[in-house]
Structure formats: C-alpha cells, structure tokens
Amino acid sequence: MEKLTISAIKADIGAVGGHTKPSKEVLEEVIKTVKSNKDIIEDFYVGFCGDDIHIIMTHFNGINNPKVHKIAFDAFLNATEIAKNQGLYGAGQDILKTAFSGNIKGMGPGIAEMEFVERPNEAVIVFPADKTEPGAFNLPLYYAFIEVSRSPGLILSPSMRKGVKFVIMDVSYTEKDKIIELYTPENYIDIASLLFNPHRFVVESIWLRENNEPIVSVSTTRLHNIAGRYVGKDDPIMIVRAQKPFLATEEICSVFAIAHYVGGDTRGSHNMALMPVKLNSQASTYLCNPMVSCIVMSIKNGKITSYIDGFDDPIFDEIRRKASEKSFYMREQGFIMPAMLPMEEIEYTALKEKIEELEKKFTTR
Ligand code: 13P
Ligand code: MG
Ligand code: MG
C-alpha cells in the first residue's frame, strides 16, 4: 500500500506592525506558490497562527522529500519579497539561508512530517503555535499519552493500553539530532524526568507500540542555534493522528484545557499561559501571550476532504478566560522570575552583559 505523507512546514516571514500576523498579500503569495506546484502534492492547507504561516501538504513522496520541501521554501521566499516591499516587521525572519540545498531542515522554517498508510477514515489534527517553543507540547503530550486520569483512551482503547514509544530530543545539542527512545508504561517516570525541562528535552515523536504506527510528530527546529543569534523562539507545529487505534480527537484536544505556563511571549523571554485560540488568530498585543490553534481534518485518498476549527467552541472560550487570568497573575510578578525566563533562556544579551559587569564590582566581606 502506498504511504501518504503529511508535511507541516511553518515560518515567520514578517508581520504587520510587530510580531502580529502576516498581511493578506503575503498569505496570498504563499498560496499562489503552493498552488502552482499541485502536480507534486495531493492537497494543501495554508493558514497562520500569530505571525507564523503554516503550509500543510499531503503527498505520496515520503518524508524529507526535496521537491516537497522546496515548494514551502519557495513559497516563503517569494512571499518574503512582498513582506519586504510592504515594510512588514521581521520580513524574512525565519529564512536564514536563501539557497535551497534539498532539505528545509536547518534553513529556518519549522517542520513536522509523518508517513503512514492511510486508514479508511484518517483523522489528523495539526496544532500550529506561536510565541512559544516546541517543549510547550511536553505537558499536553504527557497528559494525553501517559496520564490515565486525563486521557480515558489509555484504559479504554485496546491498542493504547499496550503503550507507546516516546522519542525525546535533547535540543541543547546542536551538532546533530540527539534522541532517546522510551516506552510507556514501564519508562514513564524516566519520560517525566526529561519532560520536566521543556527548554532542553522535547517530544519529537510518539509511536504506537503495537505496530510502530506514527501518532505524533513535533517540529524540533533550533532556530537560534542555526542562526547563531536571536531570531525569535522556535514557534512549533505538531501533527497528531486521532481515533481508532489511537486516542480520540477529544482526548487529545482536551489536554490543552490546562493553559499551562510556557516559555516565549514578549521577546521570547517570559512565561505565560498557553491559550488555545481560533484558527488564523493574530498574536495578542498583551505581551504576546503564547497561543496554540487546532485544525481537525479528515483525509481520504490523500485529499483533505474537510476540516474544523478544533478550539472554536464555548468550552474553549472558558479556557481562553482561564488562560488570560493565569497570565495576568503571572504578570503581577513583573520582571522577577519565573515571570521572566532564567538567564540562559533570555536570548537578548544586554541583560547578561550588564550582570557580568556588575558581578565584577561585587566585593566579599
Ligand atoms: P516571534 O518569535 O513570534 O517572531 O515573536 C518574537 C518576539 O520577540 C515577540 O515579542
Ligand atoms: Mg515574528
Ligand atoms: Mg511567531
């Protein structure tokens, strides 16, 4: 059976008046480029979450396919020209290299990909996020795939009962991908021991133990490491397959009701509550509160036949209120940690340099 691939590729190539959202013209250019390559792919979806544009493509070319990656890269590159002409803020922010060398990884944009034989009723959920980092998915994934009291499918589904494989990446290691494979249920304490630090250890993928089918894929780009300087946090994107033999759509989406604190926000230097937002939401001008959106889709014969906005319901209106409240509480802390991230996570150097200068003036007595 031919394998279908889903490639979710995202980049921030400029936004209106700050890190808000892309302009209409920039989005149109992205869509135009992707459309003109319809011979390579089966189908596509383009949207944005804050200032990040995501291109979701379905195709039969496998993961890491140069032709598919190039479609996204060309789309972002062409649209960057428009962003520059419009004077958008951070135009071309995530385009760190302009000469395409066969794989979009390491060039700036974030990517999550997954390859599988399509089920008769393939349900796939894509979570694009903004103003945060890939480790923002650690806690939701822990709750969904390990914590029975949050995720009934872990005891009700015969396949999920057999456990999953977590592939966790150490993103502090920059030379190569450095990963560890751990299995539920027996390694769950070890998994938790790593996920505890979402700035360093990030879930990269999750696989069904029963048959090694892929369930989750998270973008694990290390943008600032590639660039060697601060160019924004690595706003992530995640693909999750839902329904039999995996978890139910609602078991996966409901773990975002935590509105847990994540790193990111203003200048990528703060902790605030991750807010589940509607599709194509602009970033909040309230200190760039971190946000995650949710596209729930059905796929048949490689085509995205239909989709819904996963966080557009009254329950998630309540969660948005809760996230606002949690963020307001955190902001009462002002600049004192944990409202601000620890020094090693603050990418601007001015504060670090000043502290080093002041350190020299300390005396002992
Ligand atoms: P982005 O990473 O979304 O570009 O945001 C950067 C920032 O500094 C917001 O204050
Ligand atoms: Mg930006
Ligand atoms: Mg962004």
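Here, every reference points to the structure presented above.
Residues numbered from 1 in each chain as written. Chains lettered and ligands numbered in written order. Predicted model: local features only at pLDDT ≥ 70, side-chain atom pairs only at ≥ 80, totals over all residues. Heavy atoms only, no water.

A. Expanded view of the pairing of strand S15 (residues 295-300). Pairing between strand S5 (residues 122-130) and S15: five bridges, direction antiparallel. Looking across to S15, one finds that Ala123 is bridged to Ser298. Judged from the six bridges that link them, S15 and strand S16 (residues 303-309) form a sheet pairing that is antiparallel. The residue of S16 that forms the bridge with Val296 is Ile308. Taking the residues between adjacent antiparallel strands as the criterion, S15 and S16 are bridged by two residues, where Asn301 takes a positive phi near 50°. (Pairing = 2+ DSSP bridges. Helix = DSSP H or I, 4+ residues; strand = E, 2+ residues; numbered from the N terminus.)

B. Summary view of the sheet that holds strand S4 (residues 110-116). A sheet is described by the order of its strands in space; here four strands give the open sequence S2-S3-S1-S4, paired in antiparallel fashion. Across the chains shown, the open sheet's two edge strands, defined by having one partner strand only, are strand S2 (43-49) and S4. Strand-to-strand twist across the sheet, computed as the mean angle between neighbouring axes with direction ignored, equals 10°. Pairing between S2 and strand S3 (residues 52-59): seven bridges, direction antiparallel. Considered in S3, the bridge of Phe48 is made with Ile53. (Axes fitted to C-alpha atoms, helices over the stretch in contact; angles between N-to-C directions.)

C. Geometry of the site of ligand 1. Close to ligand 1 lie 13 residues, the nearest being Asp12, His19, Gln93, Lys131 and Arg267. Within the contact set of ligand 1, an oxygen atom lies 3.0 Å away from a side-chain nitrogen or oxygen of Asp235. Arg267 has a polar backbone atom sitting 2.8 Å from an oxygen atom of ligand 1. Taking 310 Å² as the accessible area of ligand 1 by itself, protein coverage stands at 93%. In terms of residue class, the shell around ligand 1 is built from one nonpolar, four polar and eight charged. (Near = heavy atom within 4 Å. Polar contact = N/O pair within 3.5 Å; in protein donor to acceptor, adjacent residues only side chain to side chain. Areas by Shrake-Rupley, 256 points an atom, 1.4 Å probe, with all protein chains shown as cover. Nonpolar A, V, L, I, M, F, W, Y, C, P; charged D, E, K, R; others polar.)

D. Representation of a nonpolar patch on the surface in the model. On the surface, a nonpolar cluster with roughly 290 Å² of combined accessible area is contributed by Val148, Ile155 and Leu156. Considering the arrangement of structural elements, one finds Val148 in the loop between helix H3 (138-145) and helix H4 (153-156). (Patch = residues over 30% accessible without salt bridge, like charges linked within 9 Å, V, L, I, M, F, W, Y side chains within 5 Å. Salt bridge = Lys/Arg side-chain N within 4 Å of Asp/Glu carboxyl O.)

E. View of helix H1 (residues 24-35). Taking 1.5 Å of rise per residue, the twelve residues of H1 would be expected to cover 16 Å, and the 16 Å separating its terminal C-alpha atoms lies within 8% of that figure. Of all the residues in H1, the buried ones are Val26, Leu27, Glu29, Val30, Thr33 and Val34. Seen from one end, H1 has its buried residues packed into an arc of 160°, which puts them on one side. Facing away from the buried side of H1 by more than 90 degrees, the exposed set consists of Lys24, Lys32 and Lys35. (Expected span 1.5 Å × (residues − 1). Buried < 20%, exposed > 50% of the residue type's maximum accessible area, 1.4 Å probe, protein only. Arc of directions from axis to C-beta.)

F. Inspection of the coordination of the magnesium ion (ligand 2) at higher detail. On the protein side, the magnesium ion (ligand 2) has Asp12 (OD), His19 (ND1) and Asp51 (OD) as donor atoms, found 2.0 to 2.1 Å from it. Linear spacing of the donor residues for the magnesium ion (ligand 2) on their chain is D-x6-H-x31-D. (Donors = N, O, S within 2.8 Å, 3.2 Å for Na, K, Ca; no water.)

G. Local environment of the pattern of salt bridges. Scanning the model with the defined rule gives 21 salt bridges in all. A salt bridge links Lys10 to Asp94; the nearest nitrogen and oxygen atoms lie 3.9 Å apart. With Lys10 in strand S1 (residues 4-11) and Asp94 in the loop between helix H2 (66-85) and S4, this pair connects stretches of sequence that are 84 residues apart. On the basis of relative accessible area, Lys10 is assigned to the buried category, the value being 5%. The network of salt bridges with shared partners includes Arg119, Glu122, Glu213 and Arg241.

H. Inspection of helix H6 (residues 188-195) at higher detail. Taken as a whole, H6 has its buried residues at Ile191, Leu194 and Leu195. Taken end-on, H6 shows its buried residues confined to a sector of 95°, consistent with a single buried face. On the buried face of H6, the contacting elements are H3, strand S6 (164-170), strand S7 (179-183) and strand S8 (201-208). (Contact = heavy atoms within 4.5 Å.)

I. Layout of the nonpolar core. One finds Phe127, Phe145 and Phe166 to be the most contacted residues of the largest nonpolar core, which totals 54 residues. Residues within four places of Phe166 in sequence aside, it is in contact with Leu141, Phe145, Ile146, Ile180, Glu181, Leu182, Thr184, Ile191, Leu195, Val203, Ser205 and Ile206. Ile13, Val26, Leu27 and Ile111 belong to the second-largest nonpolar core, a separate cluster that totals 28 residues. (Core = buried A, V, L, I, M, F, W, Y, C linked by side-chain atoms within 4.5 Å.)

J. Spatial organisation of the coordination of the magnesium ion (ligand 3). At 2.0 to 2.1 Å from the magnesium ion (ligand 3) lie its protein donor atoms, namely Asp51 (OD), Asp52 (OD), Asp130 (OD) and Asp235 (OD). Each donor residue of the magnesium ion (ligand 3) lies on one chain, and together they are spaced D-D-x77-D-x104-D.

K. Representation of the pairing of strand S9 (residues 214-218) within the structure. Of all the five residues making up S9, five are buried; the element is thus mostly covered by neighbouring parts of the structure. Note that S8 and S9 share three bridges and pair antiparallel. If you follow Ser205 over to S9, its bridge partner there is Ser217. Count of turn residues in the S8/S9 antiparallel hairpin: five residues, of which Asn212 carries a positive phi of about 60°. As defined by bridge partners, S9 adjoins strand S10 (residues 237-242) across three bridges and the pair is classed as antiparallel.

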